[in-house]
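Residue-level listing of the chains:
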Amino acid sequence: QLVESGGGMVQAGGSLRLSCTISGRAFSILPRAWFRQAPGKEREFVAAISESGDNTHYAESVKGRFTASRDNAKNTMYLQMNSLKVEDTAVYYCARSNTYPAVESDDYHSWGQGTQVTVSS
């Protein structure tokens, strides 16, 4: 089971770090990603990271501001979000896939419950 944490409310220009930890059964190292869904909008790809963490891929809208990383020893993936904008407001989800880089939600087979990020002006 994937569990996200670290969401909250921040002013525009601020930063947040999200975490995604696997709980329960033994951890298998797979590519992971962050998606987000704003109210009234479809879920969209944010960032993907390879099994080792050596490779990352970002949506154009967050490139240069967000950084994905992972610590496989801790079964945890992170999303460092800097220079946040009001339009970054959404529920952020982590997910696992068998392929990298995968940018479509249909390519992911395990999802967390999401964590809310709210950016105020």
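Only a predicted model underlies this, so the values are computations on that prediction, with no experimental measurement involved.

Thresholds applied
- Residues numbered from 1 in each chain as written.
- Predicted model: local features only at pLDDT ≥ 70, side-chain atom pairs only at ≥ 80, totals over all residues.
- Heavy atoms only, no water.
- Salt bridge = Lys/Arg side-chain N within 4 Å of Asp/Glu carboxyl O.
- Buried < 20%, exposed > 50% of the residue type's maximum accessible area, 1.4 Å probe, protein only.
- Pairing = 2+ DSSP bridges.
- Helix = DSSP H or I, 4+ residues; strand = E, 2+ residues; numbered from the N terminus.
- Axes fitted to C-alpha atoms, helices over the stretch in contact; angles between N-to-C directions.
- Disulfide = S-S within 2.5 Å.
- Phe/Tyr/Trp six-rings, centres within 6.5 Å; stacked < 30°, edge-to-face > 60°.
- Lys NZ or Arg CZ within 6 Å of the ring centre and 35° of its normal.

A.B. asks: How do you make sense of the pattern of salt bridges when you look at a structure like this?
C.D. replies: A pair can form between side chains of opposite charge whenever their charged atoms are brought close. Per the stated rule, a full pass over the model turns up four salt bridges. With a closest N to O distance of 2.6 Å, Glu44 and Arg36 form a salt bridge. For Glu44, a relative accessible area of 36% gives the class partly exposed. The shortest N-O distance in the salt bridge between Lys63 and Glu60 comes to 2.7 Å. Assessed through its relative accessible area of 45%, Lys63 is described here as partly exposed.

A.B. asks: Mind showing me how you'd approach the sheet that holds strand E3 (residues 16–22) here?
C.D. replies: Spatially, the four strands line up as an open sheet ordered E1-E3-E8-E7, and their pairing is antiparallel. The strands lining the two open edges of the sheet, one partner per strand, are strand E1 (2–5) and strand E7 (66–71). The average undirected angle you get between the axes of adjacent strands in this sheet is 15 degrees. Alignment of E1 against E3, held across four bridges, turns out to be antiparallel.

A.B. asks: How should the state of the cysteines be read in this particular structure?
C.D. replies: Put plainly, a disulfide is one covalent bond tying together the sulfur atoms of two cysteines. According to the stated counting rule, one finds one disulfide in the structure shown. The residue that forms a disulfide with Cys20 is Cys94, at a sulfur-sulfur distance of 2.0 Å. One quick way to see it: the torsion about the S-S bond of Cys20 and Cys94 is about 65 degrees, and its sign makes the bridge right-handed. One end of the pair, Cys20, is in strand E3; the other, Cys94, is in strand E9 (residues 90–97), with 74 residues separating them in the sequence. Residue Cys94 is classed as buried on the basis of its relative accessible area, which comes to 0%.

A.B. asks: I tried to follow the pairing of strand E8 (residues 76–81) on my own but got confused; where do I start?
C.D. replies: Consecutive residues of a regular strand have side chains that alternate between opposite faces of the sheet. The buried fraction of E8 amounts to five of the six residues, a majority that puts the element mostly inside the structure. Of the strand pairs in this sheet, E3 and E8 are connected by six bridges, and their pairing is antiparallel. If you follow Ser19 over to E8, its bridge partner there is Tyr78. Where E7 lies against E8, six bridges are found, and the strand directions are antiparallel. Bridge assignment links Thr67 to a residue of E8, and that residue is Gln80. The hairpin formed by E7 and E8 contains four residues between the paired strands, and Asn75 there has a positive phi angle of roughly 55 degrees.

A.B. asks: Help me out: how do you make sense of the packing of aromatic side chains in this one?
C.D. replies: For any pair of aromatic rings, the description rests on two quantities: the centre-to-centre distance and the angle between the ring planes. The tally for this structure, following the rule as stated, stands at five aromatic pairs. Between the aromatic rings of Phe35 and Phe45, the centroid separation amounts to 5.7 Å while the plane-to-plane angle is 80 degrees, which identifies the pairing as edge-to-face. Residue Phe35 is found in strand E4 (residues 32–37), and its partner Phe45 is found in strand E5 (residues 44–49); the two are separated by ten residues along the sequence. By relative accessible area, which is 12% here, Phe45 ends up buried. Judged by centre distance (6.5 Å) and plane angle (80 degrees), the rings of Tyr93 and Trp111 are edge-to-face. Taken together, the positions of Tyr93 in strand E9 and Trp111 in strand E10 (residues 108–111) put the pair 18 residues apart, joining distant regions of the chain. For Tyr93, a relative accessible area of 13% gives the class buried. By relative accessible area, Trp111 is classed as partly exposed at 26%. For Arg43, the ring lying beneath its charged end belongs to Tyr93, and the centroid distance is 4.0 Å. Here the guanidinium or amino end of Arg43 rests over the ring plane of Trp111, the centre of that ring lying 4.5 Å away.

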